[in-house]
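An overview of the molecular structure
The residues making up each chain are set out below.
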Amino acid sequence: MRGIPVITRFAPSPSGPLHVGHLLAALRARQLADAHGGQCLLRVEDIDTRAQHPEMLELMHADLAWLGLHFDGEVMVQSRRFGVYNSWLKKLRDMGVLYPCFCSRGEIKAQLAEMGRAPHATLGYQYPGTCRSLSPNEAAERIASGMPHAWRLNMQRVQDIIGCPQWHDLRRGTQRCVPTAFGDVVLARREFPASYHLCVVVDDAEQGVTHVTRGEDLFDATHIHRAIQGVLGLPVPAYCHHSLLRDNAGKRLAKRDGARSIASLRAAGYTPELLRESLQKALGNGGIWNI
Ligand code: GLU
């Protein structure tokens, strides 16, 4: 990697307090940048404005400062960027790779149950493509009549345009992306004007991120991100999907496990050094966090 300025990022969603899993993700990003004399940026992924609480954002900054984690450059805040995401959505619409979908969640589940299809482990239900074949007139009429709809990416068209491009994972090696593998994902809907999949790709490109470090629960999503990068002509970073922390039962730690929040561990008397030591211990123990 010599010669290439390495730029990584930590991209938490402040919908709950930061927990030890976030500490691991932040350290991975910081360490990779530091190992190459690069930069580690901070991005607040708060597009789901229904799930955000201003006090969580304050707590996040306080936790990061307490942990002694520092970031380079300006903080990017997704909820201030809906105009940017909208212009990329328009580009996709103009390319003919986005289509409106009028199916409700219940209808999709019923269609999939009828087809005998189970949800995917990390990406949930894969859309069976019902509205993909609606005529432009029918779709326009439904929109004009005020029917609620989402905008989905037509992965077959994407695949026709970009084929099956590669991406590189630092731990797992070269991967081949098959755009159609996970169905036509939603890129926007009424109450959610831009989806995670779109924003993450646009923002990684705009921030010049060269190495995306994140949990392995997002490994499959990277295929979707690679497809979006391909069709939008955006640069393709390298990826490193790190393993996740788990509890004694093997369940991955999540925000709802309040006892592992940084704030509660701090309140229980932990110092940042002790927390990092405990994290090292957990990593040496197969990622089991049993505090
Ligand atoms: N915002 C996501 C999270 O908090 C991380 C997304 C990413 O790293 O791409 O889990």
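Scroll up for the structure.
Given the structure is predicted, the values throughout are model-derived calculations rather than measurements. Starting from 1, residues in each chain are numbered consecutively following that chain's sequence as written. For a predicted model such as this one, the threshold for reporting local features is a pLDDT of at least 70, and the threshold for listing and counting side-chain atom pairs is 80 or more; totals across whole chains, interfaces and linings nevertheless cover every residue. Hydrogens and water molecules were not included; the side-chain quantities draw on all heavy atoms of the structure.

1. Let's talk about the side chain of Ser261
What counts as a helix is a DSSP run of H or I of at least four residues, what counts as a strand is a run of E of at least two, and both are numbered from the N terminus. The residue Ser261 is located in the loop between β10 (238–242) and α9 (262–267) in this model. Excluding residues that lie within four positions of it along the chain, Ser261 makes contacts with Pro17, Leu18 and His19. We call two residues in contact whenever any of their non-hydrogen atoms come within 4.5 Å of each other.

2. Focus on the site of the ligand
Proximity is defined per residue: if any heavy atom of the residue lies within 4 Å of a molecule or strand, that residue is considered near it. All residues in the neighbourhood of the ligand are listed as Arg9, Ala11, Pro12, Ser13, Glu45, Tyr196, Val200, Arg214 and Leu218. For the ligand, an oxygen atom lies 2.7 Å from a polar atom in the side chain of Arg9. Polar contacts, as used here, are pairs of N or O atoms within 3.5 Å; protein pairs need one atom able to donate a hydrogen and one able to accept it. Residues neighboring in sequence count only if both atoms are side-chain atoms. Glu45 places a polar side-chain atom, nitrogen or oxygen, 2.7 Å from a nitrogen atom of the ligand. Summarising the interface, the protein chains cover 78% of the accessible area of the ligand, which totals 300 Å² for the free molecule. The accessible surface values rely on the Shrake-Rupley method and a 1.4 Å probe; as for residues, cover is taken only from the protein chains in view.

3. Considering the packing of aromatic side chains
Two aromatic rings are characterised by how far apart their centres lie and by the angle between their planes. Working definition: a ring pair exists when centres of Phe, Tyr or Trp rings (six-membered ring for Trp) sit within 6.5 Å. Plane angles under 30 degrees give stacked, over 60 give edge-to-face, the rest tilted. Inspection of the entire model under this criterion finds four aromatic pairs. Geometrically, the ring pair formed by Trp167 and Phe219 is tilted, given 5.3 Å between the ring centres and 55 degrees between the ring planes. A residue pair is termed long-range when its members are at least 10 positions apart, and Trp167 in strand β6 (residues 166–169) and Phe219 in helix α8 (residues 219–232) qualify at 52 residues. Partly exposed residues are those whose accessible area sits between 20% and 50% of the maximum for their type, while under 20% is buried and over 50% is exposed, using a 1.4 Å probe and protein chains only. Residue classification places Trp167 among the buried residues on the basis of a relative accessible area of 2%. Judged by relative accessible area, Phe219 falls into the buried class, the value being 8%. Centre to centre, the rings of Trp167 and Tyr239 are 5.5 Å apart; their planes meet at 80 degrees, and the pair counts as edge-to-face.

4. Brief notes about the environment of Ser15
Tracing the chain through its elements places Ser15 in the loop between β1 (7–10) and α1 (20–35). The partly exposed category is assigned to Ser15, whose relative accessible area is 31%. Sequence separation between Ser15 and Met60 is 45 residues; the distance between their C-alpha atoms is 10.0 Å.

5. So, the pairing of β10
Counting buried residues in β10 gives five out of five residues, a clear majority hidden from the surface. Judged by which residues are buried, β10 turns out to be covered on both faces: Ala238, Cys240 and His242 on one side and Tyr239 and His241 on the other are all buried. Sheet topology places strand β9 (residues 211–215) next to β10; five bridges connect them, and they run parallel. Bridging from a neighbouring strand, Arg214 pairs with His241 of β10. A pair of strands is considered paired only if DSSP assigns at least 2 bridges between the two.

6. Here's the deal with the sheet that holds strand β5 (residues 150–153)
Strand order in the open sheet formed by three strands is β4-β5-β8, with antiparallel pairing between adjacent strands. Looking at the sheet topology across the chains shown, the edges are occupied by β4 (98–101) and β8 (186–189). Strand after strand, the sheet turns through a mean of 30 degrees between neighbouring axes, direction not considered. One ladder, built from three bridges, connects β5 with β8; its direction is antiparallel. Looking across to β8, one finds that Ala150 is bridged to Arg189. For helices, the axis comes from a line fit to the C-alpha atoms of the stretch in contact; other axes are also lines fit to C-alpha atoms, and the angle between any two N-to-C directions lies between 0 and 180 degrees.

7. Some thoughts on the pairing of β6
Here β6 shows one buried face, formed by Trp167 and Asp169, and one open face, formed by Gln166 and His168. Strand direction decides the pairing type here: β6 and strand β7 (residues 173–176), joined by four bridges, are antiparallel. Residue pairing in the sheet places Asp169 in a bridge with Gly173 of β7. Between the end of β6 and the start of β7, which pair antiparallel, lie three residues.

8. A word on the environment of Glu58
One can find Glu58 in helix α2 (residues 54–67). Once the C-alpha coordinates of Glu58 and Leu283 are considered, the two residues, 225 residues apart in sequence, prove to be 29 Å apart.

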